[in-house]
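Chain by chain, the residues:
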Amino acid sequence: MQPLRYNLLFCLCLLYISVQAQPGKSTKWSRDGQAIYNVESNAIMATGLKDGQPQVKVPAAQLTPAGMSSPLQVKDFSFSTDERQLLIYTNSKRVWRYQTRGDYWVLDMGTHQLKQLGKDLPASSLMFAKFSPDASKVAYVSGHNLYVEDLASGAVKPLTKDGTRRFINGTFDWAYEEEFGCRDGFRWSPDGKSIAYWQIDATKIRDFLMMDNTDSIYSFTVPVEYPKAGESPSACRVGVVDINTAATTWLQVPGDAQQHYIPRMEWTPGKNQLIIQQLNRKQNESKLFLCDGTSGAAKLLFEEADKAWIDVKSRWDDDDISGWDWIRNGAAFVWMSEKDGWRHMYSIDMNGGKATLLTPGDYDVINLVRIDEAHRSAYILASPKNATQQYLYKVSMEGKGQPERITPADQPGVHEYEISPDAQYAIHQFSNYYFYPATEIVHLPEHKSNAGNLSASVKEKANSNKLLEFFTVTTADGVKMDGWMRKPNNFDSTKKYPVLFYVYGEPAGATARDEFGAGRNYLYNGDLAEDGYIYVSMDNRGTPLPKGSEWRKSVYRKVGVVNARDQAQAATALFKQRAYMDTSRVAVWGWSGGGSMTLNLLFQYPEIYKTGIAIAAVGNQLTYDNIYQERYMGLPEENREDFVKGSPITYAKNLKGNLLYIHGTGDDNVHYQNAEMLLNELIRYNKYFQFMAYPNRTHSISEGEGTRAHLSTVYTHYLQQYCPPGAR
């Protein structure tokens, strides 16, 4: 069985990488739920969940187009419901961060006929192709318009014709994609006679012009429709188009289309009716409407409000904005709310919108993984006792009893699960700070694995790994913060060592979780512990940890102030407790929001932090996109002073230590203008600093030969020069 185990784990790892690289694409379960499908050597493989035995489902030869010598390079695929048709995605191209544009082919599993879709449309221009319910047609987006193609005749019909770069049908603009996870912007109706789709009108949104100086002798601009904080959003509406007449009926959602968002839309089961979520511009009021697919009439079903903000589905469903969690044959659905101070599951009745609490208790539901209606239960991710970890629990759909932990108690760390539709099997991913990510298939609810004793392997590693310390520190304000600390090799508590803090600290992420990578610095060219650095990371208030909504939302209108204060106070508390920390050699670094935190700490608390390396930082909160910034900070026209108070450029004049600032000039996320605004302030006050611009690199600063190696070299040399390593 050992060779089978390795083959299965290899397939699962490939599948997991594919899922992570292409948001919205879940595990490919077989029709009967007893196998998973994945791509291996451009063939579609089916791996049995019971025995781990892989078999060829679709050989590579069947994916080789006529007249070609090699098979299609499969980027993604999906079967029709009856598995008689296979949709292949290939020749993919990047749209902003993800490869969501490419070519699509359909394979008839009976005749083995393979044909390309949209052959007369530009190459690599098709997006989000999917079968109609009866698999007789495929719909897709190309050039910001929606099309439907009949598989029998090959006839292609445009359903919209007015699409442009700034008038978008069936997909989204930059801000919706980045901040809501919205990419696939259309849904087939249950009867296959119509398609509901988003239309984004960005014609009133100003373009941000990025300058490309490297791809030709003459420079040129790259325009991005990018609404900055304080600018109205793109107008958004949802329409239902009849695939026979191509006539669209617009849903009659109340309110100003340029002052709200519609991040979710789905058909209700078996009906000509849609359910949508509408958020106001501040994102602190959420309304769910039921809309008639024929008339477009909208009826309010459920609403809630929050003193700060309301998270969308991507925050509690594996970053996936699509789908709706229906129960009781569509008579109700599961919804997440923080109205009692914790993120909990509620059942919302379709007849009147009554909300019933399903998960009572003082703990957060991190993610909803699978509803198992056959056993009146649901599987969730939670960690009531340790916010740095994450486990699978089973809860009753009756709203009674306590959560039952399913993850074995002797596997401490962070666990991820994808559960089969019948809730019999799960793909289990696990790691902690000393245990490299492992993948296995487990049978539920026993969590029984056929791949070996993972717990024994974890125990063996635990006995030989004492490299990292997890701790809790209490600040002067009484805030308890979790963190990890990697001490130098051959540590001597009677000596003093330099300290390097790794920070992020904003609502989009946490850094101090007990998962593989904790204590490791992927930019440092060498070994921090071997070179004699203490490496520390801590999570402040505002980070998305399962500590209750008050923890997460205490930074509302105070990003850049409260989170920076927490970090500085926590560092001070550590220095008092641990005399081996050399307070004359204290450095801090971070990327994106962590770059902003680095700047705020270096400028606001120069007595603590002596050296900072800030990468791709937001220097001025008014330059960032409206969806993210206004969600956490409010509207600039109402409380502009909060944006100013939280922005690093406000405090640039206080710089006393050493600053290395790094930014890509082609960053479409955190624009390069942040660097130039910050540089101007530092120049204004005659502050010495070092600056590294990476020409035409994006937010990841990864494009181009040698880029990451160079970035690592610059980072390492600067740290070693201004925060020298080693014990004293």
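Residues numbered from 1 in each chain as written. Predicted model: local features only at pLDDT ≥ 70, side-chain atom pairs only at ≥ 80, totals over all residues. Heavy atoms only, no water.

As named in an unreviewed UniProt entry, the chain is S9 family peptidase, taken from Chitinophaga agrisoli.

Asks: Would you mind showing me how to read the UniProt feature "domain: Peptidase S9 prolyl oligopeptidase catalytic" (unreviewed entry) in the chain here?
Replies: The feature "domain: Peptidase S9 prolyl oligopeptidase catalytic" (unreviewed entry), as annotated in UniProt, sits at residues 528-720 in this numbering. Taken end to end, residues 528-720 comprises 42% helix and 17% strand; its first and last C-alpha atoms sit 10 Å apart. (UniProt positions renumbered as here; feature names shortened; annotations may be inferred. Helix = DSSP H or I, 4+ residues; strand = E, 2+ residues; numbered from the N terminus.)

Asks: Looking at this structure, how should I read helix 10 (residues 673-684)?
Replies: Every α-helical turn comprises 3.6 residues, leaving residues that sit three or four positions apart pointing alike. Its twelve residues give helix 10 an end-to-end C-alpha distance of 16 Å, which sits within 8% of 16 Å, the value for a rise of 1.5 Å per residue. Turning to helix 10, its buried residues number three or more, namely Asn-674, Ala-675, Leu-678, Leu-679, Glu-681 and Leu-682. Viewed along the axis of helix 10, the buried residues span an arc of 160°, placing them on a single side of the element. Counted as exposed and oriented over 90 degrees from the buried face of helix 10: Asn-680, Ile-683 and Arg-684. Looking at the buried positions of helix 10, the neighbouring elements they touch are helix 7 (593-604), strand 42 (658-664) and strand 43 (690-694). The positive-phi residue at the C-terminal boundary of helix 10 is Asn-686, with phi of around 55°. (Expected span 1.5 Å × (residues − 1). Buried < 20%, exposed > 50% of the residue type's maximum accessible area, 1.4 Å probe, protein only. Arc of directions from axis to C-beta. Contact = heavy atoms within 4.5 Å.)

Asks: In this structure, what is going on with the sheet that holds strand 33 (residues 425-432)? I would like to understand it.
Replies: Picture the strands of a sheet paired through backbone hydrogen bonds; they go either parallel or antiparallel. Strand order across the open sheet formed by four strands is 32-33-34-35, with antiparallel pairing between neighbours. Each having just a single partner strand, strand 32 (414-419) and strand 35 (448-449) make up the two edges of the open sheet. Relative to strand 35, strand 34 (residues 435-443) runs antiparallel, the two sharing two bridges. Residue pairing in the sheet places His-443 in a bridge with Lys-448 of strand 35. (Pairing = 2+ DSSP bridges.)

Asks: When you look at the domain arrangement of the chain in this model, what are you seeing that I'm missing?
Replies: In many reports, interface size means the accessible area that the parts give up when they come together. Along its sequence, the chain is organised into domain 1 (1-157), domain 2 (159-323) and domain 3 (479-722). Taking only C-alpha atoms into account, the centre of domain 1 sits 26 Å from that of domain 2. Contact with domain 1, which involves 25 residues of that partner, is made by 31 residues of domain 2. Between domain 1 and domain 2, the buried area comes to about 2200 Å², and carbon and sulfur atoms account for 64% of it. Considering only the side of domain 1, the residues that lose the most area to domain 2 are Trp-96, His-144 and Leu-146, jointly responsible for 32% of the buried surface there. Here domain 1 and domain 2 share two salt bridges between them. One can count 17 residue pairs in polar contact (both at pLDDT 80 or more) joining domain 1 with domain 2. Of all elements in the fold, only strand 7 (98-108), strand 9 (126-131), strand 10 (137-142) and strand 11 (145-150) reach the threshold of two or more residues within the side of domain 1 that touches domain 2. A per-element tally of the side of domain 1 that touches domain 2 places strand 10 first, with five residues. Classifying every residue of the side of domain 1 that touches domain 2 gives 15 nonpolar, six polar and four charged. (Domains from an automatic or database assignment. Buried area = accessible area lost by both parts, 1.4 Å probe. Salt bridge = Lys/Arg side-chain N within 4 Å of Asp/Glu carboxyl O. Polar contact = N/O pair within 3.5 Å; in protein donor to acceptor, adjacent residues only side chain to side chain. Nonpolar A, V, L, I, M, F, W, Y, C, P; charged D, E, K, R; others polar.)

Asks: Could you clarify how one ought to interpret the state of the cysteines in this entry?
Replies: Joining two cysteines, a disulfide is a covalent bond between their sulfur atoms. Applying the stated rule across the entire model yields zero disulfides. With no disulfide of its own, Cys-236 has Cys-182 as its nearest cysteine by sulfur position, at a separation of 8.3 Å. Take Cys-236: its relative accessible area is 2%, and that puts it in the buried class. (Disulfide = S-S within 2.5 Å.)

Asks: So what exactly am I meant to see when it comes to the packing of aromatic side chains here?
Replies: The description of two aromatic rings rests on the distance between their centres and on the angle between their planes. Counted by the stated rule, this structure contains 36 aromatic pairs. For the pair Tyr-140 and Tyr-147, a centre-to-centre distance of 6.1 Å together with 25° between the ring planes defines the contact as stacked. Here Trp-326 and Phe-333 contribute two aromatic rings whose centre-to-centre distance is 5.7 Å and whose plane-to-plane angle is 80°, an arrangement assigned as edge-to-face. Just as Trp-326 is buried, Phe-333 falls in that class too. Every member of this aromatic cluster is reached through a ring pair, and the members are Phe-172, Tyr-176, Phe-180, Trp-198 and Tyr-261. Above the ring of Trp-309, the side-chain terminus of Lys-553 is found at 5.8 Å from the ring centroid. (Phe/Tyr/Trp six-rings, centres within 6.5 Å; stacked < 30°, edge-to-face > 60°. Lys NZ or Arg CZ within 6 Å of the ring centre and 35° of its normal.)

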